[in-house]
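Residues per chain are reported as follows:
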Amino acid sequence: MAEQGSEQALMQKVVSLCKRRGFVFQSSEIYGGLKSAYDYGPLGVELKRNLMNEWWSAMVHQREDIVGLDASIIMHPDVWRSSGHVANFSDPLVDCKVCGERFRADKAPKVAAGEAATITLGDKERARLALEKLERTEGAKLERRGKELLGARTGDRGYVCPNCGSPFLSEERQFNTMFRSSLGPVDPIGRVIEAAKAAVAEGLEDAALRKRVDEVLNESTVYLRPETAQAMFVQFLNIQQSMSLKPPFGIAQMGKSFRNEVTVEHFIFRSCEFEQMEMEFFVPPGEGPKWLDYWKEERLRWWKAVGLAGDNLRLRQHGPDELAHYSNGCFDVEYKFPWGWDELEGIASRTDYDLKAHTTGSGKKLIYNDVEAADPETGQKGWKYVPHVIEPAAGATRGVLALMCEAYAEEPGGEDGKGERNLLKLHPRLAPYKAAVLPLVKRDGMPEVARRIAEAFFSAGVKARYDEQHAIGKRYARHDEIGTPYCLTVDSQTSEDDTVTIRYRDSRRQERIKVADALSVVQNALLSTGAQPL
Ligand code: GAP
């Protein structure tokens, strides 16, 4: 990652570049924007698809033990009951009684019980009002110093408000983060009103009233999937049987997931609509630890290969207190984002929990019958077992942000006359444009030759840009900033010897190649597996 001074400044520069150059826009911006929703513009959609295609290629095309799936986003609601998402997929929400901030308890700053807590408000007046309110409502005797309130102590919750540092907090409430909708032609509101009226007439209140309304809603409730994973468990049998697969084998899927996140943060890092790249690897019982070890290394290797090659990537093992009750091992691939280390992908050993849960929920036995192996318990030939699962689950949209942060660089002007510039050192295969084709000037037949070269790229399906606007230096700068790895320039020598210059983004090195070789030179460079073949 570039040496930038403040890390916050790096984030601001990346966000600004994303908008200025057409990578990522705020959703519905002309209407004031929608919180935590983003649109991937002409260059962003290329980068995201290139990343996801690399994942698909590595997971599905370059291996024989993994097959793909593209399941519907809306699934039978019982899927989410069996998986535990309806009951458990929730965040603990807390309101701060001082500043009103609503936050996730598990994401709040941790503090030991009984510590001194300083509450910091926006200004003196707010601090004065908060002091009065806390005395009135909480009986707290605090002292004000400027915009700070002193004298409070942390309770035994283990956290304080992330906004003002207050330990005066509401009870935790569980908030289900699945988006709910209703399926069918009849709007459920009418039925809800009828049911609510009847319930009130019966004298039902609060929890009982809510339960009744929930029952009515549930008749048509469906959920937007909060992860792509469940479809792979639900379709385990269809896929295993139709493709005659024997564990160990995997099912891979990538696509949109939706979570009504309480805390949306850091641009596209945590949003309500995002894309995942998940793979469920089904293995015989007993082989989980071996495959967890394999996949954690393999996934780390892959992220390095697509360009996160520096010191900004690490594996972090989950402590026992972080593991889900059904998991017996989990590693996160973490990236050092501008705000610190954070999760890019989780690689979890999920035991046989998911297939068993859907067997119970659906009544269909999700097992594998290995007719050749002996059952370890009986010693008899024919072993029927519930496969165990290792799940590498990565965020594609998070991956885009990590790649942008990693690739962003600023180079000062040098004594050799090279001007200062910003560039995106993206892996050439991930770059939105693979090549820019540039006539040096708009005359002397140069545009015609450049057009012919560009057409060759278009016909081959290699994303290129014909660009004749502005002086050549400005065009190089524009393409450096969006990560175009190769610039092909048609100049006055071209008409003499049928050559063009190829300029390499990272080194700015230039050499002459034959016009006829332009496409194959770029294609060969793209086939290279190295992250920076420049
Ligand atoms: N099936 C397991 C699962 O979904 P997860 O850790 O909740 O596990 C996997 O999600 C990955 O999906 C995360 O590592 C992260 O990269 C991405 N992800 C999760 N929630 C996200 C959000 N709200 N916005 C963007 N990416 C998210």
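Relevant structure appears above.
A quick note: this is a predicted structure, and the numbers were derived from the prediction, not measured.

(A) Up close: the environment of Ala113. Considering the arrangement of structural elements, one finds Ala113 in the loop between strand 5 (102–104) and strand 6 (116–120). You can call Ala113 exposed: its relative accessible area is 52%. Excluding anything up to four places from it in sequence, Ala113 contacts Thr154, Gly155 and Asp156.

(B) Structural context of the pairing of strand 6. Every second residue of strand 6 is oriented toward a common face, the buried set being Ala117 and Ile119 and the non-buried set Ala116, Thr118 and Thr120. Relative to strand 8 (residues 148–153), strand 6 is paired through four bridges, and the arrangement is antiparallel. Within strand 8, the position partnered with Ala117 by the bridge is Ala152.

(C) Main features of the site of the ligand. Taken together, 19 residues surround the ligand, and among them Glu227, Glu261, Ser271, Glu278 and Glu343 come closest. Within the side chain of Glu227, a nitrogen or oxygen atom sits 2.7 Å from a nitrogen atom of the ligand. The backbone of Gly395 places a nitrogen or oxygen atom 3.1 Å from an oxygen atom of the ligand. For the ligand, whose accessible area on its own is 550 Å², the fraction buried by protein is 88%. One can see that the ligand is located within the largest pocket. Split into classes, the residues belonging to the shell around the ligand amount to six nonpolar, four polar and nine charged.

(D) Highlighting empty space enclosed by the protein. Evaluation of the coordinates by the stated rule reveals one cavity of 30 Å³ or more. Its boundaries defined by the atoms lining it, the largest cavity holds a volume of some 40 Å³. Along its surface, the largest cavity is lined by Val306, Gly307, Leu403, Glu406, Ala407, Lys425, Leu426, His427 and Leu430. Residues belonging to the lining of the largest cavity are distributed by class as follows: five nonpolar, two polar and two charged.

(E) Focus on the environment of Asn260. Its place among the elements puts Asn260 in the loop between strand 12 (249–258) and strand 13 (273–283). Given a relative accessible area of 27%, Asn260 falls into the partly exposed group. Measuring from C-alpha to C-alpha, the distance between Asn260 and Thr499 comes to 55 Å, with 239 residues separating the pair along the chain. If near-sequence neighbours (up to four positions away) are discounted, Asn260 is found in contact with Phe175, Thr177, Phe179 and Cys272.

(F) Quick peek at the nonpolar core. Formed by 56 residues in total, the largest nonpolar core has its most connected members in Phe23, Trp295, Trp303, Leu344, Leu401 and Met404. Beyond its immediate stretch of four places on either side in the chain, Met404 contacts Val14, Leu17, Cys18, Phe23, Leu47 and Leu424.

(G) Here's a closer look at the pairing of strand 17 (residues 368–374). Direction of pairing for strand 17 relative to strand 18 (residues 381–385): antiparallel, over a ladder of four bridges. By the bridge assignment for strand 18, Asn369 is matched with Lys384.

(H) Representation of the pattern of salt bridges in the model. Scanning the model with the defined rule gives 47 salt bridges in all. One salt bridge in this structure joins Lys246 and Asp370, with 3.7 Å as the shortest N-O distance. Of this pair, Lys246 sits in the loop between helix 9 (236–242) and strand 12 while Asp370 sits in strand 17, and the two are 124 residues apart along the sequence. Accessibility expressed as a relative area gives 41% for Lys246, which makes it partly exposed. The exposure class assigned to Asp370 is buried, which follows from its relative accessible area of 7%. Between Glu334 and Arg314 there is a salt bridge; the shortest N-O distance is 2.7 Å. Of this pair, Glu334 sits in strand 15 (residues 329–337) while Arg314 sits in strand 14 (residues 313–317), placing them 20 residues apart in sequence. By relative accessible area, Glu334 is classed as buried at 6%.

The rules behind each value
- Residues numbered from 1 in each chain as written.
- Predicted model: local features only at pLDDT ≥ 70, side-chain atom pairs only at ≥ 80, totals over all residues.
- Heavy atoms only, no water.
- Helix = DSSP H or I, 4+ residues; strand = E, 2+ residues; numbered from the N terminus.
- Buried < 20%, exposed > 50% of the residue type's maximum accessible area, 1.4 Å probe, protein only.
- Contact = heavy atoms within 4.5 Å.
- Pairing = 2+ DSSP bridges.
- Near = heavy atom within 4 Å.
- Polar contact = N/O pair within 3.5 Å; in protein donor to acceptor, adjacent residues only side chain to side chain.
- Areas by Shrake-Rupley, 256 points an atom, 1.4 Å probe, with all protein chains shown as cover.
- 1 Å grid on protein atoms, 1.4 Å probe; cavity = no way out; pocket = protein on both sides within 12 Å on 5 of 7 lines; lining within 4 Å.
- Sits in = over half its atoms within 2 Å of the grid points.
- Nonpolar A, V, L, I, M, F, W, Y, C, P; charged D, E, K, R; others polar.
- Points joined across faces, edges and corners; volume = space filled by probe spheres on them.
- Core = buried A, V, L, I, M, F, W, Y, C linked by side-chain atoms within 4.5 Å.
- Salt bridge = Lys/Arg side-chain N within 4 Å of Asp/Glu carboxyl O.

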